[in-house]
Amino acid sequence: MLLPPEAGAILPPMPTHDLQLALRHLRHLSPTQFVLELEGAEIAADSAPGQFVMTTVGGEGEPLLRRPMAIYRILRGDDGQATGFSLLVEVVGRGTAMLQQRQPGDVLSVLGPLGTAFQMPEPGAPAAEHLLIMGGVGSAPFPLLAENLLSEGHSVRAFIGARTAELLLCVEDFADLGVPVEISTDDGSRGHHGLVTEIVERYLNKSGGGPAVLYACGPLPMMRAVDSIARRVDLPLQVSFEAPMACGLGACLSCVIKMRDRDGWSYQRVCQEGPVFDSREVIWE
Ligand SMILES: Cc1cc2nc3c(=O)[nH]c(=O)nc-3n(C[C@H](O)[C@H](O)[C@H](O)COP(=O)(O)OP(=O)(O)OC[C@H]3O[C@@H](n4cnc5c(N)ncnc54)[C@H](O)[C@@H]3O)c2cc1C
Ligand code: FES
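The residue numbering used here restarts from 1 in each chain and proceeds along that chain's sequence as written. Going through the entries in the order they are written, you letter the chains from A and number the ligands from 1. Given that the model is predicted, a residue must reach a pLDDT of at least 70 before its local features are reported, and side-chain atom pairs must reach 80 or more before they are shown or counted; all residues, however, enter totals for whole chains, interfaces and linings.

Remarks on the sheet that holds strand β3 (residues 52-55)
As a general point, the strands of a sheet are linked pairwise by backbone hydrogen bonds and lie either parallel or antiparallel. We call two strands paired when DSSP finds no fewer than two bridges between them. Only DSSP runs of H or I reaching four residues or more are called helices, and only runs of E reaching two or more are called strands; each is numbered from the N terminus. Taken together, the 7 strands give an open sheet; going across it, the order is β4-β3-β7-β1-β2-β6-β5, and neighbouring strands pair in antiparallel fashion. Pairing within the sheet leaves two strands with one partner each, and these edge strands are β4 (67-70) and β5 (73-76). Going across the sheet, the axis of each strand differs from the next one's by a mean of 40 degrees, ignoring polarity. In this sheet, strand β7 (residues 107-114) lies alongside strand β1 (residues 17-30) in antiparallel orientation, the contact comprising 6 bridges. Bridged to leucine 19 within β7 is valine 110. Angular values range over 0 to 180 degrees, each being the angle between N-to-C directions of two axes fitted as lines to C-alpha atoms, with helices fitted over their stretch in contact.

Brief notes about the site of ligand 1
In this text, near has one meaning. A residue is near a molecule or strand if its C-beta atom, placed using the backbone, is within 6 Å of it. The full set close to ligand 1 counts 22 residues, and Ala70, Gly93, Gly95, Thr96 and Ala140 are the nearest of them. Of all the secondary-structure elements, those providing two or more residues to the shell around ligand 1 are β4, β6 (82-90) and α2 (94-100). In terms of residue class, the shell around ligand 1 is built from 15 nonpolar, 3 polar and 4 charged. Classification convention: Asp, Glu, Lys, Arg as charged; Ala, Val, Leu, Ile, Met, Phe, Trp, Tyr, Cys, Pro as nonpolar; all other residues, Gly among them, as polar.

Describing the domain arrangement of the chain
Domain ranges listed in this record stem from an automatic or a database domain assignment. What the domain assignment reports for the chain is domain 1 (5-114) and domain 2 (131-240). Computed from C-alpha coordinates alone, the two centres of domain 1 and domain 2 are separated by 24 Å. We call two residues in contact when their backbone-placed C-beta atoms lie within 7 Å. On the domain 2 side, the residues contacting the 11 residues of domain 1 number 12 residues. At the level of elements, β5 and β6 are the ones that each hand at least two residues to the side of domain 1 that touches domain 2.

Re helix α3 (residues 142-151)
Those residues of α3 lying buried are Phe142, Pro143, Leu144, Leu145, Ala146 and Leu149. Buried-residue contacts for α3 involve β5, β8 (129-135), β9 (155-162), α4 (171-177) and β12 (212-217). Looking one or two residues past α3, glycine 153 carries a phi angle of roughly 85 degrees, positive in sign. Partly exposed residues are those whose C-beta has more than 12 but fewer than 20 other C-beta atoms within 10 Å; with 20 or more the residue is buried, with 12 or fewer it is exposed, and the C-beta atoms are placed from the backbone.

Some words on the environment of alanine 216
Note that alanine 216 resides in strand β12. Looking at alanine 216, the number of C-beta atoms within 10 Å reads 28, which means it is buried. In the structure, alanine 216 is positioned 62 residues away from aspartate 278 in sequence and 11 Å away in space, judged by C-alpha atoms. If we skip the residues at most four places from it in the chain, alanine 216 touches Ile133, Met223, Val226, Leu237 and Val239.

Points about the confidence of the model for the chain
Residue-level confidence of the predictor is summarised by pLDDT, bounded by 0 at the bottom and 100 at the top. Here the chain shows a mean pLDDT of 93. Residues at 70 or above account for 95%. This model gives residues 1-12 a pLDDT under 50, and the stretch forms 15 contacts once residues within four places in sequence are excluded.

Details of the sheet that holds strand β16 (residues 276-278)
Strand order in this open sheet of 7 strands is β11-β10-β9-β8-β12-β13-β16, and the pairing throughout is mixed. The strands lining the two open edges of the sheet, one partner per strand, are β11 (192-193) and β16. Note: β8 against β12, 6 bridges, orientation parallel. Along β12, the bridge assignment pairs glutamate 129 with alanine 212.

Observations concerning unusual backbone geometry
Cis rather than trans, the peptide bond between glycine 112 and proline 113 has omega equal to -5 degrees. Relative to the assigned elements, proline 113 resides in strand β7. In this structure, proline 275 follows glycine 274 across a cis peptide bond, with omega equal to 15 degrees. Take proline 275: it is sitting in the loop between β15 (264-269) and β16. A positive phi angle, close to 75 degrees, is found at cysteine 170, a residue other than glycine. By secondary structure assignment, the location of cysteine 170 is in the loop between β9 and α4. Located in the positive-phi region is leucine 253, a residue other than glycine, with phi close to 65 degrees.

A few points about the nonpolar core
Formed by 69 residues in total, the largest nonpolar core has its most connected members in Leu132, Ile133 and Val226. Taken domain by domain, this core gets at least three of its residues from each of domain 1 (5-114) and domain 2 (131-240). When sequence neighbours within four positions are dropped, the list of residues in contact with valine 226 reads Ile133, Thr197, Val200, Leu214, Ala216 and Leu237. Any nonpolar core is a set of buried residues, restricted to Ala, Val, Leu, Ile, Met, Phe, Trp, Tyr and Cys, that join up through C-beta atoms within 7 Å.

Written out as structure tokens, the structure is:
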């Protein structure tokens, strides 16, 4: 069901659906991470990489507030048509713990797609390598972005960071897509022992400053560090924020961040003007 026109005053100018969706499948990746596969061909067909949905997490409308989750993968039938989509979730509190307990056949109330998508290269833009930089569950939007970039003939490389090897996400997604992956873990249990930003810097130094476009999503300190690197080497960077959200519709202002503008700065809503922003406009605090 498409939302009624009066909702358009607070919704972005795009098809946004408010649907009751059946859970098809829940796949556990680690004790705290899982993938939810949902019905929802309409949301899947209208989604672009970086956009998100607001979903209920429990039954009986409790808790009341929906939680924001990035669109992870589009699920397709044999004919290639979108039939649903999936979410990649990490348990951090009550809502995500409730979501982890849901069973196939359970129904979730899902609003989406919402927010801005990653900006794809303009047709005819000079060739560049697209470097996807992710930490923790910030990996969720990147396999879909990689898929779209690859389908338009672009070159993609992924840099994945996590606290420990068990918590690394999306390594197989990128392997299946044929995307080269570099890995770091805080404890050294897999890949580089240290921060994901260190492997990005090492790669940029080695690659000799060829044209590249950077994309980042993960914990705030990580994105701030990627922003510093991008400024130093003068490369464009799009960042996707996972700010806490109450409404997801632009009404409550619980998700605002400070952005530069012509008058100095203003607050912008991560759920409406974001979650994807040009990092040069963000005021990192
Ligand atoms: C656009 C967007 C996309 C997102 N995509 C994903 C995704 O794909 N997968 C995923 O697992 N999570 C994603 N998140 C984060 C997810 O929405 C939160 O982890 C979730 O709402 C927490 O709900 P909870 O009830 O489990 O935790 P709560 O009980 O609400 O909070 C538990 C703890 O987590 C902190 N917290 C809550 N929300 C956030 C947040 N957004 N960022 C940082 N800390 C937070 C709280 O301050 C508290 O310390 C996304 C957030 C946004 C805004
Ligand atoms: S979550 Fe309410 S304004 Fe963004």
